[in-house]
Amino acid sequence: MIALALVGVAAAAPQIDAELIDVTNVSVGLSGAKFTAVVELTRVSGPPMVLKDVDYDIVFNGEVIGGAGALPETVRLKKGEAVQVQLPGELTGGGNALIRAASTGKLEVRIVGEAKVRALLIPRTVDFETEVLKVE
């Protein structure tokens, strides 16, 4: 009975909020740019979790133009406590999206991803999204 209750708690839909804190290690070249996005992740709901890995994309005006990386270590997500995670990123192939942005005057950059977590020994994936920049 207890095991069944634990599985039910771990299967409940947890929520992780993501907020961009800083962008560091920026280098820009002819073929694109590299940077590190410092994102703050906060577990809002769900059972205690260990963040094992993060898969993410950089979305520029609705078009995926970059993404990369993996976490160098596992991170414990305590409820209500923000944890800063460094996500290395690379922008490539954004030429068409950049031309469209210049012609419309609208610019939106988001980081959209999945946090791979372990909650009560059960692995699961939790989606997250944060806005980096928006100009209209």
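Residues numbered from 1 in each chain as written. Predicted model: local features only at pLDDT ≥ 70, side-chain atom pairs only at ≥ 80, totals over all residues. Heavy atoms only, no water.

1. Looking at the overall build of the chain
Looking only at helices and strands, one finds two helices and eight strands in the chain. Start at the N end of the chain and walk to the C end: the helices and strands fall as α-β-β-β-β-β-β-α-β-β. Per-residue burial over the chain gives 33% buried out of 136 residues. Counting only contacts in the chain whose residues sit at least 6 apart along the sequence, the fraction spanning at least 24 positions is 67%. When the accessible area of the chain is evaluated, it comes to approximately 8,000 Å², of which 56% is carbon and sulfur surface. (Helix = DSSP H or I, 4+ residues; strand = E, 2+ residues; numbered from the N terminus. Buried < 20%, exposed > 50% of the residue type's maximum accessible area, 1.4 Å probe, protein only. Contact = heavy atoms within 4.5 Å. Areas by Shrake-Rupley, 256 points an atom, 1.4 Å probe, with all protein chains shown as cover.)

2. As for the pattern of salt bridges
Taken as a whole and assessed by the stated rule, the structure comprises four salt bridges. E129 is paired through a salt bridge with R110; the nearest N and O atoms lie 2.6 Å apart. Residue E129 is located in strand β8 (residues 122-135), and its partner R110 is located in strand β7 (residues 107-119); the two are separated by 19 residues in the primary sequence. Under the relative-accessibility criterion, E129 is labelled partly exposed at 43%. (Salt bridge = Lys/Arg side-chain N within 4 Å of Asp/Glu carboxyl O.)

3. Some points on the environment of A82
Position of A82 relative to the elements: it lies in strand β6 (residues 82-91). In sequence terms A82 and E19 are 63 residues apart; their C-alpha atoms lie 9.6 Å from each other. Other than its neighbours up to four places away in sequence, A82 contacts E40, L41 and T42.

4. A closer look at the pairing of β8
Summarising the sheet, β7 and β8 pair through 13 bridges and their orientation is antiparallel. Bridging across to β8, V112 finds its partner in E129. With antiparallel pairing between neighbouring strands as the criterion, β7 and β8 make up a hairpin whose turn holds two residues, including L120 at a positive phi of roughly 50 degrees. (Pairing = 2+ DSSP bridges.)

5. Concerning the nonpolar core
Counting residues in hydrophobic clusters, the biggest one holds 26 residues, and the most contacted among them are I16, V39, L41, L51, L77, V117 and F128. Mapped onto this core, the elements with two or more residues apiece are β1 (15-29), β2 (32-45), β3 (49-60), β5 (75-77), β6, β7 and β8. The dominant element in this core, judged by the number of residues it contributes, is β3, at six residues. Apart from the residues within four sequence positions on either side, V39 is in contact with A18, E19, L20, V83, Q84, V85, L87 and I111. (Core = buried A, V, L, I, M, F, W, Y, C linked by side-chain atoms within 4.5 Å.)

6. Topic: the environment of I111
Along the chain, I111 falls in strand β7. Looking at I111, the relative accessible area reads 2%, which means it is buried. The spacing of I111 and A37 is 74 residues in sequence and 9.2 Å in space, taken between C-alpha atoms.

7. Considering the side chain of T36
You can see T36 is positioned in strand β2. Its relative accessible area of 11% is what places T36 among the buried residues. There is a polar contact of 3.4 Å between the side chain of T36 and the side chain of N25. In contact with T36, other than residues within four places in its own chain, are D22, V23, T24, N25, Q86, L87 and P88. (Polar contact = N/O pair within 3.5 Å; in protein donor to acceptor, adjacent residues only side chain to side chain.)

8. Description of the pairing of β3
Across three bridges, β3 lies against β5 in antiparallel orientation. Counted as the bridge partner of M49 is L77 from β5. Alignment of β3 against β7, held across 11 bridges, turns out to be antiparallel. Looking at the pairing, I58 lines up with I111 of β7.

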